[in-house]
Amino acid sequence: MDKQEWIDRAYARFVERGVEADEKTRDWAELCWQTQHDEASSPGGWPMQDPEDAVDDELQAAAESQDHPASL
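First, a word on scope: everything that follows refers to the structure included in this document. (Residues numbered from 1 in each chain as written. Predicted model: local features only at pLDDT ≥ 70, side-chain atom pairs only at ≥ 80, totals over all residues. Heavy atoms only, no water.)

**Some points on the overall build of the protein chain**
Link 1 in the chain: Counting its secondary structure elements, the protein chain contains three helices and zero strands.
Link 2 in the chain: For the protein chain, the succession of helices and strands along the chain, N to C, is α-α-α.
Link 3 in the chain: In terms of principal-axis extent, the alpha carbons of the protein chain reach across some 35 × 30 × 15 Å.
Link 4 in the chain: Here the protein chain, with 72 residues, has 21% of them falling under the buried criterion. (Helix = DSSP H or I, 4+ residues; strand = E, 2+ residues; numbered from the N terminus. Buried < 20%, exposed > 50% of the residue type's maximum accessible area, 1.4 Å probe, protein only.)

**Considering a negative patch on the surface**
Link 1 in the chain: On the surface, Asp50, Asp53, Asp57 and Glu58 cluster together into a patch of negative charge.
Link 2 in the chain: Tracing the chain through its elements places Asp53 in helix α3 (residues 51–67).
Link 3 in the chain: Its relative accessible area of 39% is what places Asp53 among the partly exposed residues. (Patch = residues over 30% accessible without salt bridge, like charges linked within 9 Å, V, L, I, M, F, W, Y side chains within 5 Å. Areas by Shrake-Rupley, 256 points an atom, 1.4 Å probe, with all protein chains shown as cover. Salt bridge = Lys/Arg side-chain N within 4 Å of Asp/Glu carboxyl O. Lys, Arg positive; Asp, Glu negative; His and termini not counted. Charge placed at Lys NZ, Arg CZ, Asp CG, Glu CD.)

**As for the environment of Lys24**
Link 1 in the chain: Position of Lys24 relative to the elements: it lies in helix α2 (residues 23–41).
Link 2 in the chain: Looking at Lys24, the relative accessible area reads 68%, which means it is exposed.
Link 3 in the chain: The spatial distance from the C-alpha of Lys24 to the C-alpha of His37 is 20 Å, given a sequence separation of 13 residues.

**With respect to the packing of helix α1 (residues 3–16) against α2**
Link 1 in the chain: Where α1 contacts α2, the two axes come as close as 8 Å, and the packing angle between them is 125°. Relative to α2, the element α1 lies oblique. Two packed elements cross with a definite hand, and for α1 against α2 that hand is right-handed. From α1, Lys3, Gln4, Trp6, Ile7, Asp8, Ala10, Tyr11 and Phe14 reach across to α2, where they touch Thr25, Arg26, Trp28, Ala29, Glu30, Cys32, Trp33 and Gln36.
Link 2 in the chain: Residues of the contact of α1 with α2, tallied by class, amount to nine nonpolar, three polar and four charged. (Axes fitted to C-alpha atoms, helices over the stretch in contact; angles between N-to-C directions. Parallel < 35°, antiparallel > 145°, perpendicular 65-115°, else oblique. Left-handed = near helix turned anticlockwise from the far one by under 90°. Contact = heavy atoms within 4.5 Å. Nonpolar A, V, L, I, M, F, W, Y, C, P; charged D, E, K, R; others polar.)

That's the geometry; what it means functionally is another story.
Below, the structure is given as structure tokens:
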């Protein structure tokens, strides 16, 4: 799968999961691709996840961080 297809599928997954279909969401999908690509490219890194799995993980992490805000 090429970069653009990965990003398109991630964007579709964000929208499917209730995130607004806008340029910020497209940027978020691109950031997810970059994070996955960087991890896969690093020595000993994990293989890239499918975009749907990466988005699900990203949304889960975002929800958890809202449930447990950092102490100031």
